[in-house]
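Geometric and topological summary
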Amino acid sequence: MKQKLIVANWKAYLTSQREVKAYMRVFSPGYARLAVSRALPQVVFCVPYTYLPFAKSLLPRGCALGAQDVFWENRGPYTGEVTPQMLKDVGVTHVIIGHSERRRHLGETDEMVNKKVHAALTEGLAVVLCVGETVKASEADEKRSLDFVKMQLTKALEGVPRKLLKRLVLVYEPVWAISENAGIPDTPVDAARMIMFMRRIMARLYDAKIATSCRVIYGGSVSSQNAASFVREEPIDGVLVGSASTNAREFLKVITEAL
Ligand code: PGA
């Protein structure tokens, strides 16, 4: 069985080193206690750029460090950008790409997402690639959601060679389910259905082996109340957790639920 994966997306909720330190003061001993008795899911903290080295110095052993975005070139005249090599240099192993909030607020296009995926995978970063439809579809027009997810996934992976896919994680994150939007999570059964569909797309774009080996997780209003019901679904390999990951006690409960 694949190890489950839990990705914390802090977004811009923690806004000072003092807050990061206070968080880790609660999280680290709790995590260490959990780790004594059992094998834990893989936990990745995707934190704002400015806290990457600081968070790295405080993360308990076994947790990985991630960023929430990356640029597609490694060096050059790109004011304000942070490149894959810069991320690796400060100990980052994972990066979220294509989050709907970046698509919406920063105008990130499928083409930009595709370039970022290429660049990050080429540099050896694990890519946490987000796709998901904006509006919840009724059963009658479920096909529209399927087509949309297929289109986003296909464009994001255009030209990405099979040999780079080892470190790819797909996230089905319906935009309507994110806590800041409607805040109503998808049902585990529907999320699992979409994730099976995404695996079928991977089989078509690559092959059956990739379709089963690729990790696919769910995101959108995941909390300690529902994490277990998502990870229990066979095709779902883990969860991406936004607001519930910004409270250390709640996030520890999410991890416990996912065991
Ligand atoms: P949420 O956010 O868990 O607060 O819904 C998830 C995300 O946007 O990654």
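Anything mentioned here points back to the structure above.
Here we summarise the structure given alongside this text. (Residues numbered from 1 in each chain as written. Predicted model: local features only at pLDDT ≥ 70, side-chain atom pairs only at ≥ 80, totals over all residues. Heavy atoms only, no water.)

**A closer look at the packing of helix H6 (residues 142-156) against helix H7 (residues 188-205)**
Keep this limit in mind: Each axis is a line fitted through C-alpha atoms, taken for helices only over the stretch in contact, and angles between the N-to-C directions span 0 to 180 degrees. To qualify as a helix, a DSSP run of H or I must reach at least 4 residues; to qualify as a strand, a run of E must reach at least 2; elements of each kind are numbered from the N terminus. Note on terminology: angles under 35 degrees are roughly parallel, angles over 145 are roughly antiparallel, angles of 65 to 115 are roughly perpendicular, and the others are oblique. Note on convention: the crossing is left-handed when the near helix lies turned anticlockwise from the far helix by less than a right angle, right-handed when the turn is clockwise. For this analysis, residues touch if any pair of their heavy atoms sits within 4.5 Å. Residues are grouped as follows: Ala, Val, Leu, Ile, Met, Phe, Trp, Tyr, Cys and Pro are nonpolar; Asp, Glu, Lys and Arg are charged; every other residue, Gly included, is polar.
Orientation of H6 relative to H7, taken along the N-to-C sense of each, is 45°, at an axis distance of 10 Å. In terms of axis orientation, H6 runs oblique to H7. Every pair of crossing elements has a handedness; the one defined by H6 and H7 is right-handed. Here Glu142, Ser145, Leu146, Val149, Lys150, Leu153 and Thr154 of H6 lie close against H7, whose contacting residues are Arg193, Met194, Phe197, Met198, Ile201, Met202, Arg204 and Leu205. Tallied by class, residues from the contact of H6 with H7 come to nine nonpolar, two polar and four charged.

**Some points on the nonpolar core**
Rule in force here: Among buried residues, those of type Ala, Val, Leu, Ile, Met, Phe, Trp, Tyr and Cys that are joined through side-chain atoms within 4.5 Å constitute a nonpolar core. The buried label goes to any residue with under 20% of its type's maximum accessible area, the exposed label to any with over 50%, and the partly exposed label to all in between, with areas taken from a 1.4 Å probe on protein chains only.
Membership of the largest hydrophobic core comes to 75 residues, with the highest contact counts inside it found for Phe27, Phe45, Leu129, Met202 and Phe251. In this structure methionine 202 touches Leu153, Leu157, Leu165, Leu168, Leu170, Asp207, Ile210, Ala211 and Cys214, once residues within four positions along its chain are discounted. Grouped together as the second largest cluster of nonpolar side chains are 12 residues, Leu5, Cys46, Val128 and Val169 included.

**A few points about the sheet that holds strand E5 (residues 126-131)**
Let me state the cut-off plainly: Any two strands with at least two DSSP-identified bridges between them are counted as paired.
What the eight strands build is a closed barrel, ordered E1-E2-E3-E4-E5-E6-E7-E8; its pairing is parallel. The mean angle between the axes of side-by-side strands here comes to 25°, regardless of whether they run parallel or antiparallel. Pairing of strand E1 (residues 5-9) with strand E8 (residues 238-241) involves four bridges; the strand directions are parallel. Bridge pairing in E8 links leucine 5 to glycine 238. Its contacts with the sheet place H6 against E5 and strand E6 (168-172), and it is angled at close to 150° to E5.

**Comments concerning the site of the ligand**
The line we're drawing: The cutoff for a nearby residue is simple: one of its non-hydrogen atoms must lie within 4 Å of the molecule or strand. Whenever two N or O atoms come within 3.5 Å, that pair is a polar contact, provided that in protein one can donate a hydrogen and the other can accept it, and provided that, for residues adjacent in sequence, both atoms are side-chain atoms. Throughout, the Shrake-Rupley method with a 1.4 Å probe supplies accessible areas, and for residues the shown protein chains are the sole cover considered.
As a structural note, the neighbourhood of the ligand is formed by 14 residues, with Lys11, His99, Ser179, Ser221 and Gly242 the closest of them. Within the side chain of histidine 99, an N or O atom sits 2.7 Å from an oxygen atom of the ligand. Burial of the ligand by the protein chains amounts to 100% of its free accessible area of 280 Å². In terms of residue class, the shell around the ligand is built from four nonpolar, seven polar and three charged.

By themselves, these observations are geometric and do not establish any function.
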